[in-house]
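Listed below, chain by chain, are the residues.
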Amino acid sequence: MLALELSFWQLTAIKTVIVLSLIPAGAVILGYVFLLKMMAHMQSRMGPMEPGGFHGWFQLVGDGIKFIQKEDIIPAEADRRVFALAPVVVLISTFLLYIVVPAGPDLVVQNLDVGIFYALAVSSLGVIGVLMAGWASANKFSLLGSLRAAGQLIAYELPLVLAVVGVVIQAETMSLQGIVGAQADGEILGIGWIGNPFILTQFVGFVIFIAAAQAELTQTPFDMPVAESELVAGYMTEYSGFRFLFFFMAEFGTAAALSAIAATLYLGGWYQPFVTGDLANIVGPLVLGAKVMLVAFLIFWMRFTFPRFREDQLQTFAWKYLIPLSLINILVTGVLKVVL
Amino acid sequence: MPELPGLAKGLGVTFRTMLETWRHGAVTVEYPKQKEAPTPRARGVIALKEENCTACMLCARECPDWCIYIEGHKEKRPPRREGGKPRTVNILDRFDIDYALCMYCGICVEVCPFDALFWSPEYEYSEAKIADLLHDKDKLGEWMATVPEPPPLEAGAVKKK
């Protein structure tokens, strides 16, 4: 697609810059649209209206500037090196997620053959950062929060993976580009021109994926790790300034990335009927962006509606409902795949 | 899963509220630009009708946190009838309320026997320094203009002469 020839390192540098700018951009857009505005409207408030002039669009950017100005506080008893490293580990996990998500036929940083496998693997890397943060803070709230986060993320990693297996069986590939292609080439009841988004055949998988993604993001109703009334802010209690900003960006950046993966797996990704060739590279990111906003809307809608689970209800929900349900989903998908 | 209808209902409530806020605006107001209309009997600030005050000190004595400062002196006035004793009247020199201490209980308003103190819904009198919250009788008199009319009497009630 690109006419000019770039060396490997030049291309890598460009891709890195793009992905690095996508994380704060995604975090700011999701944070502004959903956390500030949608939540406010759902509570019959206006949200920020002053910063930047138009409906407070500058609020989160201003918050970011404020965070960077703040003093870098590390508790006296903290394990300084691990404490400093933890937010970076969490952010790297988010960064790595963006690498495999395709936004067009050629717009993908690296189209791995095991793309979805890789994405689910690096998304659980964040747990290590969370555990590091909790342990290094030398604070009981942080430690309890990080242990809760670890227990929760491990419990919900399973339904997340198992829900994806259904899609992989149906698409016969683990590459995210391949999954988009499988949906584009698919047909619904013999009608092929709009493709076959897997949400139709894998609806149960989609629901499980969204619920598990919600838990992976430690958002309400699964926000026990950062339950304010019990644990202050969980593993983030001792963090302030730009280190807290890293956690914040990672949370919303991961929300954007998981929404993009859900959109790719279940809603057809960047694919748009009748648009082919170079045009798809321009329309693709817009289509994907719209689908990301749709999935993120679902996630945040639940976040702003439901109250927090109890710790045992959380584990019950994962082990007794989501995991058996996703196993049945795999079984049915597998049988139908062989039979049909 | 008996919880499912409830979950869907909850989602519906938030979604409807969102659309309503979008279309008809929020229940909150953007304060410095728009102002909320205070309720008729809002306890914003206490206003003083100076000509009614006889410096009887009842309000100052009933005030639970002693935030009312009254000073007065006595003056002789000519008798009402020829040959009578000259009358003694109280003249109000100072009537200050320290709003840094006031807890807006309204006992002074209740206890005033001459209808000299009133509740006003005015609320914009914050100050940068705490000492500036001590307001004198001129300032308290200005707030009289913001005191709303008393509510109409109930049906069948008769106004005292």
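The structure contained in this document is the topic of the report that follows. From a predicted model like this one, the values you see are computed outputs, not experimental measurements. (Residues numbered from 1 in each chain as written. Chains lettered and ligands numbered in written order. Predicted model: local features only at pLDDT ≥ 70, side-chain atom pairs only at ≥ 80, totals over all residues.)

1. Points about helix 4 (residues 115-123) of chain A
All names here are of chain A.
Line of reasoning, step 1. Turning to helix 4, its buried residues number three or more, namely Gly115, Ile116, Ala119 and Ser123. Across the axial projection of helix 4, the buried residues extend over an arc of 95°, all falling on one side.
Line of reasoning, step 2. Elements that come into contact with the buried residues of helix 4 comprise helix 3 (80-97), helix 5 (125-136), helix 6 (140-171), helix 7 (176-185), helix 8 (203-216) and helix 10 (241-266). (Buried ≥ 20, exposed ≤ 12 C-beta atoms within 10 Å, placed from the backbone. Helix = DSSP H or I, 4+ residues; strand = E, 2+ residues; numbered from the N terminus. Arc of directions from axis to C-beta. Contact = placed C-beta atoms within 7 Å.)

2. Observations regarding the interface of chain B and chain A
Accessible area lost on assembly of the parts is the figure often given for the size of an interface.
Line of reasoning, step 1. Across the boundary between the two partners, chain B contributes 12 residues, which contact 11 residues of chain A.
Line of reasoning, step 2. Here the side of chain B that touches chain A is composed, by residue class, of 6 nonpolar, 5 polar and 1 charged. (Nonpolar A, V, L, I, M, F, W, Y, C, P; charged D, E, K, R; others polar.)

3. Regarding the sheet that holds strand 3 (residues 87-98) of chain B
Residue and element names in this part refer to chain B.
Line of reasoning, step 1. Read from one edge to the other, the open sheet built from 3 strands follows the order 2-3-5, with strand pairing classed as antiparallel. At either end of the open sheet lies a strand with only one pairing partner, and these are strand 2 (68-77) and strand 5 (134-135).
Line of reasoning, step 2. Of the strand pairs in this sheet, strand 2 and strand 3 are connected by 10 bridges, and their pairing is antiparallel. Residue pairing across strands places Ile68 opposite Ile97, the latter belonging to strand 3. (Pairing = 2+ DSSP bridges.)

4. What to know about the environment of A:Val167
Line of reasoning, step 1. Position of A:Val167 relative to the elements: it lies in helix 6.
Line of reasoning, step 2. Taking the C-alpha atoms as reference points, A:Val167 and A:Gln59, separated by 108 residues in sequence, lie 39 Å from one another.

5. Overview of the nonpolar core
A general tendency of soluble globular proteins is for nonpolar side chains to be buried together.
Line of reasoning, step 1. Among the nonpolar cores identified, the biggest contains 100 residues, and A:Phe209, A:Ala212, A:Ala213, A:Met249, A:Ala256, A:Ala262 and A:Ala296 are the most heavily contacted of them.
Line of reasoning, step 2. With sequence-adjacent residues up to four places away left out, A:Phe209 is seen in contact with A:Leu160, A:Ala163, A:Val164 and A:Ala262.
Line of reasoning, step 3. In this structure, B:Val45, B:Cys63, B:Cys112 and B:Ala116 belong to the second largest nonpolar core, which totals 18 residues. (Core = buried A, V, L, I, M, F, W, Y, C linked by C-beta atoms within 7 Å.)

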